Amino acid sequence: MTLTITGRHCTVADDVRERVSQRVAALTQLEPRFESTAVTFALDHGVKRAEARARVAGAQTMVAHGSGDSFAGAFDAALDRLERQLQRRTELRRSHHGPKLSELTPSG
């Protein structure tokens, strides 16, 4: 998995970069087929924003935005949204399976 961390009109501290890499690596438990993840931090009129884009093999790119008082808080908000999208995607993928064969055959 490729991780890209960029900053628009700002510099991203090393501790925030470490936090991003640790939290994104933990997302592979929800979806092991990650191809790449791009996290962009922006400072827009004093508001700190974070955008996370996750590319999963065989699926559409998922995008989540977050804002907060700090870049770490903005990233946490964006990553929480991205986790919810991944969990919803996993649930939908699993619920499309039909009933088990043992449930279809009459017993007795």
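For the structure itself, look to the data block above.
Fair warning: this is a prediction, and the values are worked out from it, not measured in the lab. (Residues numbered from 1 in each chain as written. Predicted model: local features only at pLDDT ≥ 70, side-chain atom pairs only at ≥ 80, totals over all residues. Heavy atoms only, no water.)

Notes on the overall build of the protein chain
Rules: A helix here means a DSSP run of H or I that spans at least four residues, while a strand means a run of E at least two residues long, and both kinds are numbered starting from the N terminus. Residue exposure (1.4 Å probe, protein chains only): buried if accessible area is under 20% of the type maximum, exposed if over 50%, otherwise partly exposed. The contact criterion used is simple: two residues touch if any of their non-hydrogen atoms lie within 4.5 Å.
Regarding its fold elements, the protein chain presents three helices and four strands. Put simply, the protein chain runs from its N terminus to its C terminus through helices and strands in the order β-α-β-β-β-α-α. In the protein chain, which comprises 108 residues, the share counted as buried stands at 31%. Within the protein chain, counting contacts between residues at least 6 apart in sequence, those at least 24 apart form 48% of the total.

Remarks on unusual backbone geometry
Notably, His9 is not glycine yet its phi reads approximately 60°, a positive angle. Of note, His9 is situated in the loop between β1 (2-8) and α1 (14-26). When its relative accessible area of 72% is taken as the criterion, His9 is described as exposed. Phi angles above zero are rare outside glycine, and His45 is one such case at about 55°. Topologically, His45 is positioned in the loop between β2 (34-44) and β3 (47-56).

Focus: the pattern of salt bridges
Close approach of charged atoms allows side chains with opposite charge to pair. Our working definition: By definition, a salt bridge exists where a carboxyl oxygen of Asp or Glu is found within 4 Å of a side-chain nitrogen of Lys or Arg.
Applying the stated criterion across every chain yields a total of nine salt bridges. Across the pair Asp44 and Arg49 runs a salt bridge, and its minimum N-O distance is 3.7 Å. A relative accessible area of 38% means that Arg49 is categorised as partly exposed. Because the salt bridges share partners, they merge into one network encompassing Arg19, Arg23, Asp76, Asp80 and Glu83.

Quick notes on the pairing of strand β4 (residues 62-68)
Here is the rule we go by: Two strands are said to pair when DSSP picks up at least two bridges between them.
Bridge analysis of β3 against β4 gives seven bridges, and the strand direction is antiparallel. Within β4, the position partnered with Glu51 by the bridge is His65. Two successive antiparallel strands, β3 and β4, enclose a turn made up of five residues, where Gly58 displays a positive phi of approximately 80°.

Focus: the pairing of β1
Consecutive side chains of a regular strand alternate in pointing toward one face of the sheet and then the other. Counted only if it meets this: Seen with its strands pointing away from the viewer, a crossover is right-handed if its path from the first strand over the helix to the second goes clockwise.
One ladder, built from seven bridges, connects β1 with β2; its direction is parallel. The residue of β2 that forms the bridge with Thr4 is Ala38. Each parallel crossover has a hand, and the one from β1 via α1 to β2 is left-handed.

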